[in-house]
Amino acid sequence: MSTLRTPFVGGNWKMNTNAAEGYSLIDSIQKQMQGNGVDVAVFPPFPYLMSIGNAIQNQTVLGAQDLWHSDNGAFTGEVSTDMLKDCGVKAVLTGHSERRHVIGESDGLVNQKTKRALETGFIAVLCIGEQLEEREAGQTDAVNERQIRAGLDGVSESQLESVVIAYEPVWAIGTGKTATPEDAQDAHAKIRELIGQMYSPAAASAIRIIYGGSMKPGNAPELMAMPDIDGGLIGGASLKAEDFCGIISAAQGSLVS
Ligand code: 13P
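If you're wondering where the values come from, they're calculated on a predicted model, not measured in any experiment.

Conventions used here
Residues numbered from 1 in each chain as written. Predicted model: local features only at pLDDT ≥ 70, side-chain atom pairs only at ≥ 80, totals over all residues. Heavy atoms only, no water. Pairing = 2+ DSSP bridges. Helix = DSSP H or I, 4+ residues; strand = E, 2+ residues; numbered from the N terminus. Axes fitted to C-alpha atoms, helices over the stretch in contact; angles between N-to-C directions. Contact = heavy atoms within 4.5 Å. Near = heavy atom within 4 Å. Polar contact = N/O pair within 3.5 Å; in protein donor to acceptor, adjacent residues only side chain to side chain. Areas by Shrake-Rupley, 256 points an atom, 1.4 Å probe, with all protein chains shown as cover. 1 Å grid on protein atoms, 1.4 Å probe; cavity = no way out; pocket = protein on both sides within 12 Å on 5 of 7 lines; lining within 4 Å. Sits in = over half its atoms within 2 Å of the grid points. Buried < 20%, exposed > 50% of the residue type's maximum accessible area, 1.4 Å probe, protein only. Expected span 1.5 Å × (residues − 1). Arc of directions from axis to C-beta. Salt bridge = Lys/Arg side-chain N within 4 Å of Asp/Glu carboxyl O. Core = buried A, V, L, I, M, F, W, Y, C linked by side-chain atoms within 4.5 Å. Lys, Arg positive; Asp, Glu negative; His and termini not counted.

Asks: Got a minute to help me understand the sheet that holds strand E7 (residues 208-212) in this structure?
Replies: Picture the strands of a sheet paired through backbone hydrogen bonds; they go either parallel or antiparallel. As summarised here, the arrangement of the eight strands in space is E1-E2-E3-E4-E5-E6-E7-E8, forming a closed barrel in which the pairing is parallel. The mean inter-strand angle of the sheet, taken between neighbouring strand axes irrespective of direction, is 25°. As paired elements, E7 and strand E8 (residues 231-234) share two bridges and run parallel to each other. Bridged to Gly-212 within E8 is Leu-233. Across the sheet, helix H9 (residues 181-198) touches strand E5 (123-128), strand E6 (163-167) and E7, and the angle it forms with E7 is around 150°.

Asks: In this structure, what is going on with the site of the ligand? I would like to understand it.
Replies: The local shell around the ligand holds 13 residues, among which Lys-14, His-96, Gly-174, Ser-214 and Gly-236 are the closest. The contact in question runs from an oxygen atom of the ligand to an N or O atom on the backbone of Gly-236, over 2.8 Å. In isolation the ligand has 310 Å² of accessible area, and contact with the protein removes 97% of it. When atoms are counted within 2 Å of each cavity's grid points, the one that captures over half of the ligand is the second largest pocket.

Asks: Just to check I follow, could you spell out unusual backbone geometry for this structure?
Replies: Only a minority of non-glycine residues have a phi that is not negative, and only a minority of peptide bonds are not trans. The phi torsion at Thr-17 lies on the positive side, around 80°, for a residue other than glycine. With respect to the element layout, Thr-17 can be found in the loop between strand E1 (8-12) and helix H1 (19-32). The phi dihedral of Ser-214 is positive, around 55°, even though this residue is not glycine. Note that Ser-214 resides in the loop between E7 and helix H11 (220-224). Looking at Ser-214, the relative accessible area reads 10%, which means it is buried.

Asks: Would you explain helix H7 (residues 140-151) in this entry?
Replies: Given 3.6 residues per helical turn, the α-helix brings residues three or four places apart onto the same face. For H7, spanning 12 residues, the distance from its first C-alpha to its last is 16 Å, which sits close to the expected 16 Å at 1.5 Å a residue. Of the residues making up H7, those classed as buried are Thr-140, Val-143, Asn-144, Gln-147, Ile-148 and Gly-151. The buried residues of H7 occupy an angular sector of 125° when the element is viewed end-on, so they sit on one face. Considering only its buried residues, H7 is in contact with helix H4 (97-103), helix H5 (107-119), E5, helix H6 (132-136), E6 and H9.

Asks: How do you make sense of the pattern of salt bridges when you look at a structure like this?
Replies: A side chain with one charge may pair with a side chain of the opposite charge, provided their charged atoms come close. A complete count under the given rule lists 18 salt bridges for this structure. In this structure, the salt-bridge partner of Glu-130 is Arg-135, at a minimum N-O distance of 2.6 Å. Taking relative accessible area as the criterion, Arg-135 reaches 25% and is therefore assigned partly exposed. Here the salt bridges do not stand alone but share partners, grouping Arg-5, Arg-192, Asp-228 and Asp-230 into one network.

Asks: Would you explain the nonpolar core in this entry?
Replies: Side chains of a nonpolar character, in soluble globular proteins, are inclined to be buried together. One finds Val-9, Ile-29, Leu-84, Leu-152, Ile-165, Ile-195 and Tyr-211 to be the most contacted residues of the largest nonpolar core, which totals 63 residues. Counting residues per element, this core draws most heavily on helix H12 (residues 241-256), at seven residues. When sequence neighbours within four positions are dropped, the list of residues in contact with Leu-152 reads Asn-111, Leu-126, Leu-160, Val-163, Ile-195, Met-198 and Tyr-199. Phe-43, Leu-93, Cys-127 and Leu-233 belong to the second largest nonpolar core, which has 11 residues in total.

Asks: Quick question: what am I supposed to make of the side chain of Glu-168 here?
Replies: For Glu-168, the location among the structural elements is in the loop between E6 and H9. Notably, Glu-168 is buried but unbridged: the nearest opposite-charge side chain belongs to Lys-14, and the N-O separation is 6.2 Å. In this structure the side chain of Glu-168 is engaged in a polar contact, spanning 3.2 Å, whose partner is the side chain of His-96. When residues no more than four places from it in sequence are discounted, the contact partners of Glu-168 are His-96, Cys-127, Ile-128, Gly-129, Ile-173, Gly-212, Gly-213 and Leu-233.

Asks: Sorry if this is basic, but what is going on with the environment of Val-163 here?
Replies: Locating Val-163 in the fold gives a position in strand E6. Assessed through its relative accessible area of 3%, Val-163 is described here as buried. Once residues lying within four places of it in the same chain are set aside, the contact partners of Val-163 are Leu-118, Ala-124, Leu-152 and Ile-207.

What follows is the structure, encoded as structure tokens:
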């Protein structure tokens, strides 16, 4: 891994935990975490943002799993960026595959949310990745390119500094099937090349591209040893403090490898 890019490890809790479990999880993470030089974020469910935010005592960033892209108003069930700020949120996920493929979010909506996040001062973790049929049809790079071009449409090079791209092949999410380090590296390298074409070589070498999809403490070191993999977005393993902290340690280890 390039020492120029600070590794980023995010824990996406998805629709898991209750208040007590979430508190106990963040408490254990903070006690066990050894991640100097790594940017760590947790993305708890909306109802627990405030309490988890209050429990954070170190540099861990509080993140949200989604946002709505308008000012406060008549959007029943949605959560605005003002509300997220009020809760101490600093980072948001946009375009997570479960929102694209289960909820039905379009590339256009993901773009509106990404721009809103950046315009209002958040770190945007833009998630992209192909589905199994797309991979089998040899469309991985084309899907990634389409989702990145659409997701970042209208995003300036200076705004890009607050973007982290999470490559999460959909077939690897929650399945126990991880992309091989070589396959993940290949996708990440192509994503970085694309950012170079869309912006500049400097932007390409600065942007963090993290991997998500059944990352565990056992496979994290070899994934993170790849030159274009700058961390991870973790689902299942982020719900166990020991596993999540093991992955953070792997990210830290990649700094000196
Ligand atoms: P898993 O780590 O459970 O595969 O989930 C990955 C993910 O979707 C993180 O956003």
